[in-house]
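Each chain is listed here by its residues.
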Amino acid sequence: MQISSVNDVKIYNLSHGKSLPEWLSDRKKRQLQKKDVDIQRRIELIQDFEMPTVCTSIKVSRDGQFILAAGTYKPRIRCYDTYQLSLKFERCLDSDVVAFDILSDDYSKLVFLHSNRYVEFHSQHGQYYKTRIPKFGRDFSYHYPSCDLYFVGASSQVFRLNLEQGRFLNSLQTDAVENNVCDINPVHHLFATGTSEGRVECWDPRVRNRVGVLDCALSSLSEGAEVQSLPSISALKFNGSLAMAVGTSTGQVLLYDLRSSRPLLVKDHFYSLPIKSINFHDQLDLVVSADSKIIKLWNKDTGKAFSSIQPQTNINDVCIYPNSGMLFTANEDPKMNTFYVPALGPAPRWCSFLDNLTEELEESPESTVYDDYKFVTRKDLENLGLSHLVGSSLLRAYMHGYFMDIRLYHKVKSMANPFAYDEYRKDKIRQKIEESRTQRVPVKKLPKVNKELALKLMEQGDEEAELASRKKKGKVLPSVLGDERFKVMFENPDYQVDEQSEEFRLLNPIVSKVGQKRQKKLRLMAQQVAASQKADDEEEPEGRASSEEESSDDDKSWVEEVREQRRLIWEEGRDRRRQKRKEGDRNTVLLETEQSGEASNMAEGTRTSRPQYYQIKAGEEFRSFNDMARKQRLQKASLEDRLKLEEHSGTSNVADTAVGSKQLTFTLRKSEQQTKQQQAEWEHHEERRKLRRSAGHLSSDRGRGRGFGGGRGR
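This section reports on the structure supplied with the text.

What counts and how
- Residues numbered from 1 in each chain as written.
- Predicted model: local features only at pLDDT ≥ 70, side-chain atom pairs only at ≥ 80, totals over all residues.
- Heavy atoms only, no water.
- Helix = DSSP H or I, 4+ residues; strand = E, 2+ residues; numbered from the N terminus.
- Polar contact = N/O pair within 3.5 Å; in protein donor to acceptor, adjacent residues only side chain to side chain.
- Contact = heavy atoms within 4.5 Å.
- Phe/Tyr/Trp six-rings, centres within 6.5 Å; stacked < 30°, edge-to-face > 60°.
- Buried < 20%, exposed > 50% of the residue type's maximum accessible area, 1.4 Å probe, protein only.
- Lys NZ or Arg CZ within 6 Å of the ring centre and 35° of its normal.
- Pairing = 2+ DSSP bridges.
- Axes fitted to C-alpha atoms, helices over the stretch in contact; angles between N-to-C directions.
- Core = buried A, V, L, I, M, F, W, Y, C linked by side-chain atoms within 4.5 Å.
- Salt bridge = Lys/Arg side-chain N within 4 Å of Asp/Glu carboxyl O.

**Comments concerning the side chain of Asp-81**
Of note, Asp-81 is situated in strand 5 (residues 76-81). Only 3.4 Å separates the side chain of Asp-81 from the side chain of Gln-65, close enough to count as a polar contact. In this structure the side chain of Asp-81 is engaged in a polar contact, spanning 3.1 Å, whose partner is the backbone nitrogen of Tyr-83. With sequence-adjacent residues up to four places away left out, Asp-81 is seen in contact with Gln-65, Phe-66, Ser-86 and Lys-88.

And the structure:
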């Protein structure tokens, strides 16, 4: 049992707690009741008061002895006897029940409206008769004076079935496209139907004429409210001879006096959900209205909130036990909730012990809930721009946030985000498109990077899944494609496998052979599974090689392939070295020719200089002519001289073709003492350069010094 207090009204949830499985033995149930505290505090008012999956509607017979509930799955009806506090009978049906009604004082006469347009009549022993209406029905009402059933649904007509004559009568033609709900006044038997256009049409069954029309759609809209769609009528209920309550699909309840076309009171649930059920509590002049999220109890004269009940699951229907404070709810859950509100009235006669229990449980902890208020945190206030209201009467501090009026919250939220509906509409359209796409035949899409590897992994995964399905206890391992850790390998182009590299060509024969072995092993295991299912193991036929011989042949084959790849790589490297040697010889001939020409010019003493030609190879970056000459000198130098030069310059090049012809360049790190010494030398040279005086005025053009260049003065 769970106790809560809403507006100082205690509410007892009698169905709260764990439910024990039916297959448990009595001994096991007693052991659980001794150990588990939640099970000890659980109250099972009616035994097996639940449905297999979902309960859609619930009603109480007029004598108060039987409770009938319709649910699924499979479609069924269950009848509970309150005198025995247990299940009386259960009947399975052919299709889901849209609505049902009890025509007699007990369960002996029942009428069911199914989702496949069938109307089914049940008597005390079971199914009695079955007929069909022309259109899909949504609701029906029974007219006791004439024994007529009025059916409304996806049509503009109201179908009439007379149970005394056993035939259909002329239909009532309404101005609506579709009719959602209907009801008949219990005093003067006025028939009313709620349409999808937000209107209520009233008909007199005696003359079969329409006597009035109420436009409830415009009356339900408040001033300044945003209209997203035309509200339709989702609930309808008469009270007495003149009062009528109308529920809309946008969450408003309108109270009418039949003598006026304007509503006396408009009550908003502030959830924008269709009203599911409306009931009247005449002893306290209360209206009990429910949507799929909350049940609200409020005064029908002033609209002041009396209390509210909010179950953990969505609500489908609400039923009040006559002359008591007990409520039953049909939910989107196997368990049907039972609430007891002592403020509404005493407990029923068949469970009068609840009055004594409630007195004992008054000292248990309570959870306080404020009706018509919205809980917001400080961050929500900052997003809505209402931080300046902190400390005012519009915000009530509670725990880590504040309570504010739900009407103020909705108004400010619509102003802060005026495009919320457009975003919501786009999201809904995108979800519908994605749902339609999932219904199509799935197509495997390959990634942009490493397509061949992805295709290979897909094929291996399909083979493993097929093998696991053949086994009894086979488990499929997760694929690399679905693992988030390897997601980058199929998205980043840097991870693209280079099939022309030496590493890939040397490893590919081994990997391919391993893959072939794996596929052979999978096929062999599949054959063994199939053979074990058909018959016992048979002897190996003659002339067939054993697995060891096959594995040895496979090893020889991949070794030969690796050798062949090594030979091809060596031949390609040899061709490249020959090509480089030929280009080097050609460059040497050109250089010798140019040097001989320069020597002849120097012997003649001519001042004219001829340009030198150098060949720039593909892939090299041109820096200067001195750099080209230095490279040519290094090619003729010995290995010892080249290593000494590299050590002197502080760089070292390491090339290893066995690892893939990678080149590593690094610089030797200098000590702190060497760095300070170089810095001091550099500062000394800079100081001497500033103090140096030029001696260019001492040069003379009259004489020429020794040497061809004209001396140092030049």
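**Description of the packing of aromatic side chains**
Aromatic ring pairs are described here by two measures, namely the spacing of the ring centres and the angle between the planes. In this structure the tally under the stated criterion is 13 aromatic pairs. Pairing Phe-375 with Phe-403 gives two aromatic rings, centres 5.5 Å apart and planes at 70°, and the pair type is edge-to-face. Of the two residues, Phe-375 is situated in strand 31 (residues 373-377) and Phe-403 in strand 33 (residues 401-405); the sequence distance between them amounts to 28 residues. Phe-375 sits in the partly exposed class, given a relative accessible area of 28%. Taken together, the ring pairs connect Phe-49, Tyr-80 and Phe-328 into an aromatic cluster. Over the aromatic face of Phe-136 sits the side chain of Arg-117, whose NZ or CZ is 5.5 Å from the ring centroid. Taking NZ or CZ as reference, Lys-130 lies 4.7 Å from the ring centre of Tyr-118, over its face.

**Looking at the pairing of strand 10 (residues 127-132)**
Here five bridges tie strand 9 (residues 118-122) to strand 10, and the two strands are oriented antiparallel to one another. In the sheet register, Phe-121 faces strand 10, and the bridge partner there is Tyr-129. Taken together, strand 9 and the strand that follows it, strand 10, pair antiparallel across an intervening segment of four residues, in which Gly-126 is found at a positive phi of about 150°.

**With respect to the side chain of Asn-185**
With respect to the secondary-structure elements, Asn-185 resides in the loop between strand 15 (179-184) and strand 16 (191-195). By relative accessible area, Asn-185 is classed as buried at 0%. Within the structure, Asn-185 has its side chain in polar contact with the side chain of His-188 (distance 3.4 Å). Of note is the side chain of Asn-185, whose polar atom sits 3.0 Å from the backbone oxygen of Gly-240. Not counting chain neighbours up to four residues away, the residues in contact with Asn-185 comprise Leu-190, Phe-238, Gly-240, Ser-241 and Leu-258.

**Focus on the sheet that holds strand 32 (residues 395-398)**
The strand order across the open sheet formed by three strands is 31-33-32, and the pairing between neighbours is antiparallel. Where the open sheet ends on each side, the last strands, each with one partner, are strand 31 and strand 32. Strand-to-strand, the axes of this sheet are offset by a mean angle of 35°, without reference to chain direction. With five bridges joining them, strand 31 and strand 33 adopt antiparallel strand pairing. Across the sheet, residue Lys-374 finds its bridge partner in strand 33, namely Met-404.

**Re the nonpolar core**
Ranked by size, the top nonpolar core spans 24 residues in total, and within it Phe-49, Ile-58, Ile-67, Met-326, Phe-328, Trp-350 and Leu-354 carry the most contacts. If you list the elements that add at least two residues to this core, you get strand 3 (54-60), strand 4 (66-72) and strand 28 (326-331). Not counting residues within four places of it along the chain, the set of residues in contact with Ile-58 comprises Phe-49, Ile-67, Leu-68, Ala-69, Phe-100, Asp-317, Cys-319, Phe-328, Thr-329, Ala-330 and Met-336. Within the second largest apolar cluster, 16 residues are counted, among which are Val-6, Val-9, Leu-327 and Phe-339.

**Remarks on unusual backbone geometry**
Omega for the peptide link from Thr-72 to Tyr-73 comes to 0°, which places this bond in the cis form. Here Tyr-73 lies in the loop between strand 4 and strand 5. Here Tyr-73 and Lys-74 are connected by a cis peptide whose omega angle stands at 15°. Counting through the fold element by element, Lys-74 comes out in the loop between strand 4 and strand 5. One non-glycine residue, Leu-85, lies in the positive phi region at around 55°. Residue classification places Leu-85 among the partly exposed positions, given a relative accessible area of 27%. The backbone of His-189 sits at a positive phi, close to 60°, despite the residue not being glycine. Judged by relative accessible area, which is 25%, His-189 ranks as partly exposed.

**Digging into the pattern of salt bridges**
A complete count under the given rule lists 17 salt bridges for this structure. Here the salt bridges share partners, and the residues they tie into one network are Arg-76, Arg-78 and Glu-90.

**A word on the environment of Ser-324**
Tracing the sequence through the fold places Ser-324 in the loop between strand 27 (315-320) and strand 28. Placed 41 residues apart in sequence, Ser-324 and Gln-283 show a C-alpha to C-alpha distance of 9.7 Å. Ser-324 has contacts with His-281, Leu-344, Gly-345, Pro-346 and Pro-348, leaving out every residue within four places of it along the chain.

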